[in-house]
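The residues making up each chain are set out below.
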Amino acid sequence: MSKWKRIIGVLVAIFAISARPLLNHLLWLQKAPPDEKVGVIPILSNKDLSSLVSGKNALLIGGTRGVGFGTAQALAKAGAHVTIVGRSKDSGERAVSKIQDVCGASGSVVDFVQGDIGTVCSALELVDRLASRDRRYDLAVVSAGIFPDWTRPLQNEDGIDKSIAITVVGRFLVYRNMHRFMNDGARILNVLNSGDKLPPSAGLFDRDIIEGKRDVTSLIEAGMNFGIGEEIMMDSLFRYDESYTNRKFTMVSTHPGILDTDLLNGQGVLVDILFKITVPLVGISVEDCGVLQSSILVSEKLHQFGLTLVDHFGYGRIRDPAFADLIEQHRDWLWKFLTAMEVGPSCGK
């Protein structure tokens with residue numbers, strides 16, 4: 001019996017050793033063409049990161065867990081003054097406590113602001129709350145996002161799919177109003193799924209889903225719509241919004257990679273199995289992901305006052321050419337839809 005256990009152990013080890021580079025190669029093939037001007041972003045040591053962020057104010061929207069928490073921790077360890085935004089007061093206080101325990105004598109100040117970008121009114125209320133604070137920010141990281149919860153209503157009180165409400169509508173409202181609480185020349189890091197190629201099913205971008213006229217029916221359909229929608233939204237900011245066209249902000253959109261998070265819980269047995277297999281093989285820890293995202297945010301290689309795309313390997317990417325037609329087809333429509341959402345609700349006034 002012990003002999004068979006040793007054989008099985010050797011086979012498992014061989015599989016693990018060979019599977020990791022294979023899976024990484026498959027992930028690499030899914031990436032858009034490289035941005036030669038950006039190249040690869042170097043991962044900074046805490047000392048080097050500290051020389052760039054110490055004493056600066058950083059805002060983390062979605063910073064209580066996952067990539068947002070890891071990035072908040074990396075910035076705080078390097079001496080940045082960090083504000084974490086999240087829906088749950090308890091989760092926020094736990095995140096602040098954990099980061100303070102790790103930071104030690106870094107000199108950083110870590111605080112929590114309760115807020116949500118899941119509806120138009122809650123996103124605008126968060127903007128007002130941040131704008132009223134006696135603090136303006138030099139760095140911002142927006143990583144808040146969810147996947148559909150099939151056990152609950154899929155649409156929010158605005159009649160918008162909840163995942164799209166956060167990743168497209170809510171983020172748009174925050175980005176549109178960043179001039180109210182960010183310093184000129186600030187850097188913004190948007191975390192979702194940037195740098196990937198579009199699959200052949202790119203036609204899944206559906207205006208009816210964005211408008212809430214019908215529900216998404218699968219995880220893939222949800223991801224396609226909020227992923228493509230966010231790409232179009234960011235493009236429209238740099239075309240139509242004065243804060244971006246007048247070169248006030250530098251924005252980088254990144255991919256978080258595969259990390260151990262509860263974001264995909266409830267998506268079915270097959271997703272659970274796939275997730276449990278891939279995370280140990282090609283996953284990244286929350287802490288390492290935070291260091292990478294922080295290094296990207298402050299990198300001198302970014303397109304100054306423009307939009308840079310970076311994948312989860314840390315390589316700059318140009319937008320997949322397949323996006324060009326989609327952006328041209330939907331940019332004006334999505335801009336009108338989003339700006340109408342901004343002024344539509346009364347929000348209790």
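Student: Any chance you could explain the overall build of the protein here in plain terms?
Tutor: Check the secondary structure of the protein and you find 12 helices and eight strands. In the protein, buried positions account for 51% of the 349 residues.

Student: What is the right way to read unusual backbone geometry from this model?
Tutor: What is expected of a backbone is that most residues other than glycine have negative phi and most peptide bonds are trans. Here Arg247, not a glycine, exhibits a phi torsion of approximately 60°, which is positive. Classification of Arg247 by relative accessible area gives partly exposed; the value is 49%. The phi dihedral of Phe305 falls on the positive side, at around 60°, and the residue is not glycine. Turning to its location among the elements, Phe305 is positioned in the loop between α11 (286-298) and β7 (307-310). A relative accessible area of 23% means that Phe305 is categorised as partly exposed.

Student: Looking at this structure, I do not really get the packing of aromatic side chains. What am I missing?
Tutor: In this description, an aromatic ring pair is defined by two values, namely the gap between the centres and the angle between the planes. Per the stated rule, a full pass over the model turns up six aromatic pairs. Measuring from ring centre to ring centre gives 5.7 Å for Phe147 and Phe226, while their planes differ by 50°; the resulting arrangement is tilted. With Phe147 in the loop between β4 (137-142) and α6 (162-176) and Phe226 in helix α8 (residues 219-240), the pair connects residues that are 79 residues apart, well separated along the chain. Under the relative-accessibility criterion, Phe147 is labelled partly exposed at 23%.

Student: Would you explain the nonpolar core in this entry?
Tutor: The nonpolar side chains of a soluble globular protein tend to be buried with one another. The biggest cluster of nonpolar side chains holds 58 residues, and the ones touching the most others in it are Ile61, Tyr175, Met178 and Phe181. Apart from the residues lying within four places of it in its own chain, the contact partners of Tyr175 are Val142, Ile188, Asn190, Met233, Leu237, Tyr244 and Met251.

Student: Please clarify how the sheet that holds strand β5 (residues 182-191) should be interpreted in this entry.
Tutor: Hydrogen bonding along the main chain pairs the strands of a sheet, whether they run parallel or antiparallel. Taken in spatial order, the eight strands line up as β3-β2-β1-β4-β5-β6-β7-β8 in an open sheet, and their pairing is mixed. Taken across any chain shown, the strands that pair with only one partner, and hence form the sheet edges, are β3 (110-114) and β8 (316-317). Along the sheet, helix α4 (residues 89-103) contacts β2 (81-86) and β3; its crossing angle with β3, the most-contacted strand, is approximately 170°. Packed onto the sheet, α11 meets β4, β5, β6 (250-254) and β7 and runs at close to 140° relative to β5.

Student: Teacher, can you tell me more about the side chain of Asp111 here?
Tutor: Counting through the fold element by element, Asp111 comes out in strand β3. Relative accessible area serves as the criterion here: at 15%, Asp111 is assigned to the buried category. Side chain to side chain, Asp111 and Thr83 meet in a polar contact 2.8 Å long. Excluding residues that lie within four positions of it along the chain, Asp111 makes contacts with Val82, Thr83, Ile84, Val96, Arg133 and Arg135.

Student: Explain the packing of α6 against helix α12 (residues 322-343) here, please?
Tutor: The description of two helices packed together rests on the angle between their axes and the distance between the axes. Across the interface, α6 lies against α12 with an axial gap of 10 Å and an inter-helix angle of 75°. When the axes of α6 and α12 are compared, the pair comes out roughly perpendicular. Within the contact between the two elements, α6 uses Val168, Val169, Phe172, Leu173 and Arg176 and α12 uses Trp335, Phe337, Leu338, Thr339, Met341 and Glu342. Taken together, the residues of the contact of α6 with α12 sort by class into eight nonpolar, one polar and two charged.

Student: Please clarify how the pairing of β6 should be interpreted in this entry.
Tutor: Regular strands place their side chains on alternate faces of the sheet. Of all five residues in β6, five are buried, a share of seventy percent or more. With burial as the criterion, each face of β6 is covered, one bearing Thr250, Val252 and Thr254 and the other bearing Met251 and Ser253. Bridge count between β5 and β6: five bridges; the pairing is parallel. Counted as the bridge partner of Val191 is Thr254 from β6. For β6 and β7, the ladder comprises four bridges, and the chain directions are parallel.

Student: How should the packing of helix α3 (residues 66-77) against α4 be read in this particular structure?
Tutor: The N-to-C vectors of α3 and α4 enclose an angle of 35°; their axes lie 9 Å apart at closest approach. Two packed elements cross with a definite hand, and for α3 against α4 that hand is right-handed. Touching Phe69, Ala72, Gln73, Ala76 and Lys77 of α3 are Ala95, Lys98, Ile99, Val102 and Cys103, all from α4. Residue composition of the contact of α3 with α4, grouped by class: seven nonpolar, one polar and two charged.

Student: What is the right way to look at α3 in this model?
Tutor: Since the α-helix packs 3.6 residues into each turn, any two residues three or four apart lie on the same face. Over its 12 residues, α3 runs 17 Å from end to end, which matches the ideal 16 Å to within 8%, given 1.5 Å per residue. Burial runs high along α3: 11 of the 12 residues are buried. A positive backbone phi angle near 100° is found at Gly79, which sits one or two residues after α3.

Student: Honestly, α12 in this entry has me stumped. Any pointers?
Tutor: The first and last C-alpha atoms of α12 sit 32 Å apart over 22 residues, in line with the 32 Å expected at 1.5 Å per residue. The largest bend along α12 reaches roughly 50° and is located at His330.

Student: Would you take a moment to explain the environment of Ala58 for this structure?
Tutor: For Ala58, the position within the fold is in strand β1 (residues 57-61). Among the residues examined, Ala58 registers a relative accessible area of 1% and is labelled buried. Through-space distance from the C-alpha of Ala58 to that of Leu75 is 7.7 Å; in sequence the pair is 17 residues apart. Ignoring anything within four residues of it in the chain, the contact list for Ala58 reads Leu75, His81, Val82, Thr83, Tyr137 and Leu139.

Cut-off values and rules
Residues numbered from 1 in each chain as written. Predicted model: local features only at pLDDT ≥ 70, side-chain atom pairs only at ≥ 80, totals over all residues. Heavy atoms only, no water. Helix = DSSP H or I, 4+ residues; strand = E, 2+ residues; numbered from the N terminus. Buried < 20%, exposed > 50% of the residue type's maximum accessible area, 1.4 Å probe, protein only. Phe/Tyr/Trp six-rings, centres within 6.5 Å; stacked < 30°, edge-to-face > 60°. Core = buried A, V, L, I, M, F, W, Y, C linked by side-chain atoms within 4.5 Å. Contact = heavy atoms within 4.5 Å. Pairing = 2+ DSSP bridges. Axes fitted to C-alpha atoms, helices over the stretch in contact; angles between N-to-C directions. Polar contact = N/O pair within 3.5 Å; in protein donor to acceptor, adjacent residues only side chain to side chain. Parallel < 35°, antiparallel > 145°, perpendicular 65-115°, else oblique. Nonpolar A, V, L, I, M, F, W, Y, C, P; charged D, E, K, R; others polar. Left-handed = near helix turned anticlockwise from the far one by under 90°. Expected span 1.5 Å × (residues − 1). Bend = angle between axes of the 7 residues up to and from the residue.

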